[in-house]
Every structure is written in C-alpha cells, then in structure tokens.
Amino acid sequence: MNDKLVFLGLLYFVQGIPYGLQSSLLPVYLRGAGHSLTRIGFTKILYFPWVLKVLWAPLVDKIGTKRRWLVATVSGLALTCLTSSALAPEMHIWGVAGTLLAMNTLASVQDIAVDGAAVGLLKGRGELGLGNTAQVVGYKAGSVFAGGGLLAVIDVAGWSWMFMLLTFVYAGVALFVWGAPVLDDEPVRGQQTDGSRRGQGVDALMPWRVWRKLLAVPGTAWTVLYVLTYKLGEQGAVTMFPLFLLDHHMTARELGFWNGVIAMGFSICGSSLGGLLLAQFSIGALMRRVFVLRTVSMVFQSSLLTVLEPSPLMKGMAVLSMSVQHFLGGLITTLTFTTMMHCTQRAEESIQATHYSFLATLEVLGKLMFSALAGGVVDWFGFQVAFLFFLTLSAGTALHVWTATFTGALREHQVKEQPK
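Rules behind the numbers
Residues numbered from 1 in each chain as written. Predicted model: local features only at pLDDT ≥ 70, side-chain atom pairs only at ≥ 80, totals over all residues. Heavy atoms only, no water. Helix = DSSP H or I, 4+ residues; strand = E, 2+ residues; numbered from the N terminus. Contact = heavy atoms within 4.5 Å. Areas by Shrake-Rupley, 256 points an atom, 1.4 Å probe, with all protein chains shown as cover. Salt bridge = Lys/Arg side-chain N within 4 Å of Asp/Glu carboxyl O. Buried < 20%, exposed > 50% of the residue type's maximum accessible area, 1.4 Å probe, protein only. Axes fitted to C-alpha atoms, helices over the stretch in contact; angles between N-to-C directions. Parallel < 35°, antiparallel > 145°, perpendicular 65-115°, else oblique. Left-handed = near helix turned anticlockwise from the far one by under 90°. Nonpolar A, V, L, I, M, F, W, Y, C, P; charged D, E, K, R; others polar. Core = buried A, V, L, I, M, F, W, Y, C linked by side-chain atoms within 4.5 Å. pLDDT = per-residue confidence, 0-100. Polar contact = N/O pair within 3.5 Å; in protein donor to acceptor, adjacent residues only side chain to side chain. Expected span 1.5 Å × (residues − 1). Phe/Tyr/Trp six-rings, centres within 6.5 Å; stacked < 30°, edge-to-face > 60°. Lys NZ or Arg CZ within 6 Å of the ring centre and 35° of its normal.

Draft legend 1. Representation of the overall build of the chain within the structure. The helix and strand inventory of the chain stands at 17 helices and zero strands. Residue pairs in contact within the chain that sit at least 24 positions apart in sequence constitute 86% of those at least 6 positions apart. Accessible surface for the chain amounts to roughly 17,800 Å². Of this, 71% is attributable to carbon and sulfur atoms.

Draft legend 2. Layout of the pattern of salt bridges. Applying the stated criterion across every chain yields a total of two salt bridges. One salt bridge in this structure joins Glu 234 and Lys 231, with 2.5 Å as the shortest N-O distance. In this pair, the class of Glu 234 matches that of Lys 231, namely buried. Residue classification places Glu 234 among the buried positions, given a relative accessible area of 5%. When salt bridges with common partners are traced through the structure, they connect Lys 231, Glu 234 and Arg 294 into a single cluster.

Draft legend 3. Main features of the packing of helix H10 (residues 220–229) against helix H14 (residues 312–344). One can describe the packing of H10 onto H14 by two numbers: an axis separation of 10 Å at closest approach and a directional angle of 155 degrees. When the axis of H10 is compared with that of H14, the two are roughly antiparallel. Both H10 and H14 take part in a crossing whose hand is left-handed. Counted together, Thr 220, Trp 222, Thr 223, Tyr 226 and Val 227 of H10 and Ile 332, Thr 336, Thr 339, Met 340 and Cys 343 of H14 form the full contact between these two elements.

Draft legend 4. The packing of H10 against helix H16 (residues 383–407), seen in detail. The contact between H10 and H16 brings their axes to 11 Å, and the two run at 155 degrees. Between H10 and H16, the angle is such that the two are roughly antiparallel. When you trace H10 past H16, the crossing you get is left-handed. When H10 is examined against H16, the residues Trp 222, Leu 225, Tyr 226 and Thr 229 are found in contact with a partner set consisting of Thr 397, His 400, Val 401 and Ala 404. Of the residues contributing to the contact of H10 with H16, the split by class is five nonpolar, three polar and no charged.

Draft legend 5. Summary view of the nonpolar core. Counting residues in hydrophobic clusters, the biggest one holds 74 residues, and the most contacted among them are Phe 7, Leu 21, Tyr 170 and Tyr 226. Ignoring sequence-local partners within four residues, the contact set of Tyr 170 consists of Val 14, Ile 17, Pro 18, Val 74, Leu 77, Ala 78, Cys 81 and Met 103. Ala 237, Met 250, Phe 390 and Leu 391 belong to the second-largest nonpolar core, a separate cluster that totals 27 residues.

Draft legend 6. Looking closely at the confidence of the model for the chain. Taken residue by residue, the chain gives an average pLDDT of 78. The fraction at 70 or more is 79%. Contacts from residues 190–206, a stretch scored under 50 in pLDDT, to residues over four places away or in other chains number eight contacts. Segment residues 414–420 is flagged for pLDDT under 50; beyond a separation of four residues in sequence, or across chains, it makes 15 contacts in the model.

Draft legend 7. Structural detail: the side chain of Thr 397. With respect to the secondary-structure elements, Thr 397 resides in helix H16. On the basis of relative accessibility, which here comes to 6%, the residue Thr 397 falls in the buried class. A distance of 3.4 Å separates a polar side-chain atom of Thr 397 from the backbone oxygen of Thr 229. Thr 397 has contacts with Thr 229, Tyr 230, Phe 291 and Arg 294, leaving out every residue within four places of it along the chain.

Draft legend 8. Region of interest: the side chain of Thr 295. Checked against the element boundaries, Thr 295 lands in helix H13 (residues 283–303). A relative accessible area of 15% means that Thr 295 is categorised as buried. For Thr 295, the side chain forms a polar contact with the main-chain oxygen of Phe 291, separated by 3.1 Å. Every residue in contact with Thr 295, bar those within four places of it in the chain, is listed here: Leu 391, Ser 394, Ala 395 and Ala 398.

Draft legend 9. Quick peek at H16. The end-to-end C-alpha distance of H16, which contains 25 residues, comes to 36 Å, matching closely the 36 Å that a straight helix rising 1.5 Å per residue would cover. Three or more residues of H16 are buried, namely Phe 383, Ala 386, Phe 387, Phe 390, Leu 391, Ser 394, Thr 397, Ala 398, Val 401, Ala 404 and Thr 405.

Draft legend 10. Geometry of helix H4 (residues 66–84). Between the first and last C-alpha of H4 there are 27 Å, a value that for 19 residues agrees with the 27 Å anticipated at 1.5 Å per step. Listed in full, the buried residues belonging to H4 are Lys 66, Arg 67, Leu 70, Val 71, Thr 73, Val 74, Gly 76, Leu 77, Ala 78, Thr 80, Cys 81 and Ser 84.

Draft legend 11. Spotlight on the packing of aromatic side chains. According to the stated counting rule, one finds nine aromatic pairs in the structure shown. Ring geometry for Phe 389 and Phe 390: centres 6.4 Å apart, planes at 45 degrees, overall tilted. Linked through ring pairs, Phe 241, Phe 244, Phe 383, Phe 387, Phe 389 and Phe 390 together constitute an aromatic cluster. Over the ring of Trp 402 we find Arg 288, and its NZ or CZ is 5.2 Å from the ring centre.

Draft legend 12. Just the environment of Ile 268, in detail. Position of Ile 268 among the secondary structure elements: in helix H12 (residues 252–278). A relative accessible area of 18% means that Ile 268 is categorised as buried. Setting aside anything within four residues of it in sequence, one finds Ile 268 in contact with Val 137, Lys 140, Ala 141 and Val 144.

Here is the structure:
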C-alpha cells in the first residue's frame, strides 16, 4: 500500500504544479501590474484542456498502457518547461500563455492515466480513503510548491531558473514512473478476445454507446449534479478574498506566504484528515457536517469585508479565515473524490478511466466557469454583494448534500458503511 501511495502522490504532485502557477502566482503578478479582476478571471481559459479531456479519455482506456501514457506526458511537461525557461514574460506574454496552455493539456492527459491507474490499484474502503488523500494532498502540495515556493524562486533567481528547476523535477518523475513496480501487473492492451475487440471497435465508431454506458452507472446522475455545484460558492470566495486583501491590507509577498503557503498547508491538513476519517466513518455523515461548517466559515469571512482599514488584527483574522476555509475545502475535496471513485468502481472495467475522467471534467468545469465569472461579479456589484452571493451558493450546496444523506445517493453510503 505504501508503494501505491508514493506512486500516486508523486504523480498528483507534479500534476498540481501548472495549477499553482496559474491560480496563485499569475493572479498576483497581473494584479500587481494593474490589471482588472475581470481580465484576471479570464486567464482561467488556460484551464480549458481540462474541460476537453473527457473527449480523449477513451483513447487512454483503449490504446497503450497507463505507464506509457504517464511517461510520455510527464516527459512532455519537462520539455515544455525547458521551452518556457527561454521566454521572458515581459516580452513574450503570448508565448508564456501558450506554454501554460500546453502544460495544462499534458497534465490533463496525465490525469486520465493516473486516475485510471488509481481506480485499478486501490481496493476496499481503507485504500480508497488513503489513496484519495494521496491524490488531493499530492496535487495541493504541487500547487503550494508552484504558487508559493516558486514565487520565492522568481524573486531570487528569476523566471528562467524557475522553469529550469521544473524541467529537472518533471524529468526525474518520468524516470521514476518508467521503473515503478506498482504497474508491473497492468494488463497489456491488444490481448483481448476477438469478441472483445469487435465490441471495442463498435464503441469507437459509435461513441454514444460509451456515453450511454457512462450515464447508466448507478449514482452517476446525482454525482454529476453534485460535482458541478459543490465548489461554486467556495471557489468564488477563495479566488476573490486574497485580491480583496491585496487591495486593502496585504502586499503581494505577504499574500504569497499566507495564502500560497500557510493557507494551502491547512488545505493539505484537511485533505489528510479526510482520508483518516473515511477509514472510520461513512462519507454521507462526514459530508453533511463539513458542508455546514463551511457555510459558517463563509459567514465569518464575509463579515471581514466590512473592515477596510489595514491593521494587525484584521490581518490575523484574514489569515485565520483563509486557513479555516482552505482546511474545510481540503476535507471536502477528499470526500468528493472518494465519492466519485466509489461511483466509478460500479462501472465495467473497460470504461472506468473514461467514467472517472467524465466526472473529474465536470468537477473542473464547475469550478472553472465560476472562477472566470467571479471577478466580473465583484467588478459589477462590489465585494460585499458578491460574497453574499457566494454564501448563498454555499448554503444551497449544504442543503443539497444534507438532503442526499437521508433520501438520495449518499444515503446508500450511510447504510452500507457503518463506523468500524
């Protein structure tokens, strides 16, 4: 089990680096250069490959092996970072945008392969909880490394050396995956029976059959609605609150430390706790309580928007608010990805990677669309009104989850997964 956790954690770590570059480093850089919140929000379009990944997920299911896909994508990320090291963002802004778009494309394909590997490797409730903790913690650790740690590297060594460092990181991980023993038992494509190959060929010619299979998996309908909406209010607050502090209370360097490192550290702690709690309690019971706590924390954070004068007390309350929000967000993310994997494991093996990628794509789509619009909402209505809207969305999601634990999809988890 430890080999599986190290393998998955490392791959999700390097997968989180592009997100950290764009979610923490890029907005602070652009806001410091005087760009509007609306324009900063539209940089989320660079995440678009994550929305499209479900279109090429069947290729990863049907062609080659997970090991080959992982080595190819991580090696591609190394080459992309090497290219980025030769660009200066002040002079080649479109080139930088292009390399970040390429990084997201490669990372999204890597995500399909590693998710498919995780579905096959993780067995039983205990392994699912710990494996999804490795997923969320690894991804967020990569985000912290890129959004907080690399911000310090840029200050000291500059843009080029930052991407040279990333080149060596990705190259080392590619070599590790190539020799990783956990994938030694992976079945080789092409050894199916003639009937199986004919069935897969028909599915390739008529992809709507695959979509019909995906939607027919028990619990998929509720999970689709849930993953599209569960982060809406939280995502708006997490995206906009640091920019409110940048306008009124903190410098970019302070935000890089408190929001890019400390708050994300709390997020990792929350994700880790989620894995431990899942080994003892049902998903439904945990989700019901944590979503209510998240709504309460957003009430506290929204109240801080009325204090515009900078002060040590305000900074302390702001850091506390961000830390609590990230802690609960990390806990919820682990519970969510475990719920998604439970649903995917009900699907037949030939479409599991595609099914999980479908759910993960919708999860990204829900966050991405709202993140892109959140800046415009703040520009139009102001921080106070916008955060009231974010709070309403969060409360609505809590009510949706609460209902499902008694009468919907989560009730099954409550009944079948009693505490040990």
